[in-house]
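Coordinate analysis (summary)
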Amino acid sequence: MNIIILGGGISGISLAYFIQNFEKIKKIYIIEKDKKLGGLLRSYKFDNIHYDVGPHIIFSKHKEILDLNEKLLGKNINRLKRSNKIIYKNNKLIKYPFENELYKLPNEDKNFALNTFLNNPFKTYNPENMNQFFLKTFGSGITSLYLNPYNQKIWKFDTSFLDTQMVDRIPRPPDSDIIKSAKGVSTEGYKHQLYFLYPKQGGIESLFDCYLKELNKKIIIIKNKKIKSIVKKKELTVTLENNKKIKGDYIFSSIPLNNLYKYIKTNDEIIKSSNQLLYNSIKIIVVKIKNNIAGKNFAFMVPDPKIIFHRISKLNFLGKNYSQKGFTYFQIEITYRKGDQIDKLSKNKLKEKIIDGLKKIKFLNDRKNLVKYEEKSFNYAYVIYDLNHRKNVDNLIKFYKEKNIFCIGRWGSWEYLNSDQVIFQSQNFSSLFKKKL
């Protein structure tokens, strides 16, 4: 049989990697609309330094996936320990996660965070949205001081209208950890991300390239071709924009789930569910600034609503191939949605707001020290888990599955999956598919 994979990002390539040796598969077609493969696992060059759409880090709760990534990268690996900070009031740096260094807060905020955590009237409730989850898990102090401002800044959405799918795996910190944190003893949270891997050179695209190099002659990759239509009869036929037809028994689609209905005959309910799916776009800005700034830290979360960016990462932290002596390279992230105020900003106004933000957090004292600047925008960045997400996504996936079209990846399955989770999902699909064969 023949398999068709729509999309040449890490979901499509890793799935091809896992199923390529199945005896009953004759050919695997991978169709990518862009000239270049990679999706969100691409890296770009800035001043001869690679940066990602992210930045990405390599970690996983799934040991077999982490081991596979490490094996494929071989010697091209740096092992790093997380050093992330939250830029709090008056530019005070608080260790991430927020609840692990409460003693650095002003006394009033520290006492508010500690008391509302230990005496939490919400902890017996079943949370039905993200805001309720934060209140139940952390209390009203930590929620109002950091969690809500930061999350509303990323998602551009009130947390009362976001569901709990993305956060309900976060454990409630032990009382003893919070008490220690308030007394001056730093603790660690999200330990599965405490240590991570990153390519010594080439950015995260190096990992993608490792999977790509492992593909065998069964795989036929078609790039720079958009899909015109998908028709299901006895078999599936994908027609490309040049009218070339590709026939297959199964399709695995990683193209955005909200767009899939445009290529196949559907109904009003499917169109409605597709159009209700929400997402955020992202602007990635990379800057080169004179002098070594921000210490030996990597990522900085910025909850202040008056500063346009929500996160800034110091690329120098990733190793010698991501730095240049006497300079600091920062990667800045700004989420937005089409038609909003950020989207409508001119490039010059956006740059001025970024410079203003850098000055406020003391990462830039003189604009003359900003020696290089680059901006890129990416339409699909973050899945939004609004309260209708699960209903709409399940409705769509069921509809397509009945046509032998399986939805994969962050955008195909419309789930906020990190690259390791995408690869794990591909591995699971391959196991299920092998049993089906």
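Please refer to the structure higher up on the page.
Residues numbered from 1 in each chain as written. Predicted model: local features only at pLDDT ≥ 70, side-chain atom pairs only at ≥ 80, totals over all residues. Heavy atoms only, no water.

**A look at the layout of surface pockets**
Vacant regions in the atomic arrangement are exposed by a probe of water-molecule size rolled over the atoms. A volume near 400 Å³ is recorded for the second largest pocket. Together, 16 residues line the second largest pocket, and Pro305, Lys306, Ile307, Ile308 and Ile342 are the ones closest to its centre. Broken down by secondary-structure element, the contributors of at least two residues to the lining of the second largest pocket are helix H4 (130-155), helix H8 (341-344) and helix H9 (347-360). Classifying every residue of the lining of the second largest pocket by side-chain character gives 7 nonpolar, 3 polar and 6 charged. (1 Å grid on protein atoms, 1.4 Å probe; cavity = no way out; pocket = protein on both sides within 12 Å on 5 of 7 lines; lining within 4 Å. Points joined across faces, edges and corners; volume = space filled by probe spheres on them. Helix = DSSP H or I, 4+ residues; strand = E, 2+ residues; numbered from the N terminus. Nonpolar A, V, L, I, M, F, W, Y, C, P; charged D, E, K, R; others polar.)

**Let's talk about the packing of aromatic side chains**
Following the criterion strictly, the structure yields 31 aromatic pairs and no others. An angle of 25° between the planes, with centres 5.4 Å apart, marks the rings of Phe252 and Phe406 as stacked. Here Phe252 is found in strand S13 (residues 250-253), whereas its partner Phe406 is found in strand S19 (residues 405-407), with 154 residues between them in sequence. Per residue, the accessibility class of Phe252 equals that of Phe406, and both read buried. An aromatic cluster is defined as three or more aromatic residues linked by ring pairs; in this entry it consists of Tyr250, Phe252, Phe406, Phe429 and Phe433. Seen from the ring of Phe327, Lys288 lies directly overhead, with NZ or CZ sitting 4.3 Å from the centre. Here the guanidinium or amino end of Lys372 rests over the ring plane of Phe46, the centre of that ring lying 5.4 Å away. (Phe/Tyr/Trp six-rings, centres within 6.5 Å; stacked < 30°, edge-to-face > 60°. Buried < 20%, exposed > 50% of the residue type's maximum accessible area, 1.4 Å probe, protein only. Lys NZ or Arg CZ within 6 Å of the ring centre and 35° of its normal.)

**Notes on the nonpolar core**
If you look at the biggest cluster of nonpolar residues, it comprises 82 residues, and the most contacted ones within it are Ile31, Phe98, Ile230, Tyr400 and Trp414. In terms of residue count, H4 provides more of this core than any other element does, 11 residues in total. When sequence neighbours within four positions are dropped, the list of residues in contact with Ile31 reads Ile4, Ile5, Leu6, Gly7, Gly8, Ile222, Lys225, Ile227, Val238, Leu240 and Ile246. Residues Tyr17, Leu68, Cys210 and Tyr211 belong to the second largest nonpolar core, which totals 38 residues. (Core = buried A, V, L, I, M, F, W, Y, C linked by side-chain atoms within 4.5 Å. Contact = heavy atoms within 4.5 Å.)

**So, the packing of helix H2 (residues 63-73) against helix H12 (residues 419-436)**
It is the contact of H2 with H12, at a shortest axis distance of 10 Å, that shows an interaxial angle of 105°. Looking at the two axes, H2 sits roughly perpendicular to H12. Judged by residue contacts, Glu64, Ile65 and Asn69 of H2 engage Asp420, Ile423, Phe424 and Gln427 from H12. (Axes fitted to C-alpha atoms, helices over the stretch in contact; angles between N-to-C directions. Parallel < 35°, antiparallel > 145°, perpendicular 65-115°, else oblique.)

**Brief notes about the pattern of salt bridges**
Counted according to the given criterion, the structure contains 19 salt bridges. Here the salt bridges share partners, and the residues they tie into one network are Lys33, Asp34 and Arg42. (Salt bridge = Lys/Arg side-chain N within 4 Å of Asp/Glu carboxyl O.)

**A few points about the sheet that holds strand S7 (residues 93-95)**
Pairing is mixed in the open sheet, where 7 strands are placed in the order S7-S6-S15-S16-S17-S14-S18. Strands at the two margins of the open sheet, each flanked by one partner only, are S7 and strand S18 (370-383). Between one strand and the next, the sheet's axes are offset by a mean angle of 25°, whatever the strand orientation. Taken together, the 4 bridges between strand S16 (residues 311-314) and strand S17 (residues 327-336) define a ladder with antiparallel strand orientation. Counterpart to Arg311 in the pairing with S17 is Glu333. (Pairing = 2+ DSSP bridges.)

**A closer look at the side chain of His310**
If you trace the backbone, His310 turns up in the loop between strand S15 (299-301) and S16. The exposure class assigned to His310 is buried, which follows from its relative accessible area of 2%. With sequence-adjacent residues up to four places away left out, His310 is seen in contact with Tyr150, Lys153, Ile154, Phe300, Met301, Val302, Glu333, Ile334, Thr335 and Tyr382.

**Description of a positive patch on the surface**
A cluster of basic side chains, namely Lys228, Lys233, Lys245 and Lys247, defines a positive patch on the protein surface. Counting through the fold element by element, Lys245 comes out in strand S12 (residues 245-248). (Patch = residues over 30% accessible without salt bridge, like charges linked within 9 Å, V, L, I, M, F, W, Y side chains within 5 Å. Areas by Shrake-Rupley, 256 points an atom, 1.4 Å probe, with all protein chains shown as cover. Lys, Arg positive; Asp, Glu negative; His and termini not counted. Charge placed at Lys NZ, Arg CZ, Asp CG, Glu CD.)

**Topic: the sheet that holds strand S1 (residues 2-6)**
Pairing is parallel in the open sheet, where 5 strands are placed in the order S9-S2-S1-S13-S19. One side of each edge strand has no neighbouring strand; the edge strands of this open sheet are strand S9 (219-222) and S19. Strand-to-strand, the axes of this sheet are offset by a mean angle of 20°, without reference to chain direction. Note: strand S2 (residues 27-31) against S9, 4 bridges, orientation parallel. Considered in S9, the bridge of Ile31 is made with Ile222.

**Comments concerning helix H7 (residues 268-275)**
By the burial criterion, the buried members of H7 are Ile270, Ser273 and Ser274. Along H7, the residues classed as buried sweep out an arc of 100° about the axis, all on the same side. Along H7, the residues that are exposed and aim more than 90 degrees away from the buried face are Asp268, Lys272 and Asn275. Residues of H7 that are buried in the fold lie against helix H10 (389-401). (Arc of directions from axis to C-beta.)

**Overview of the pairing of S1**
Within S1, 5 of the 5 residues are buried, which leaves the element mostly enclosed by the surrounding structure. By the alternation rule, side chains of S1 split into Asn2, Ile4 and Leu6 and Ile3 and Ile5, which are all buried. Pairing of S1 with S2, which is carried by 5 bridges, proceeds in the parallel orientation. Its bridge partner being in S2, Leu6 is matched across the sheet by Ile31. Tracing the backbone out of S1, into helix H1 (residues 10-19) and back to the parallel element S2 gives a crossover that is right-handed. Relative to S13, S1 runs parallel, the two sharing 4 bridges. When the sheet's bridge partners are listed, Ile5 is paired in S13 with Phe252. (Right-handed = clockwise from strand over helix to strand, strands pointing away.)

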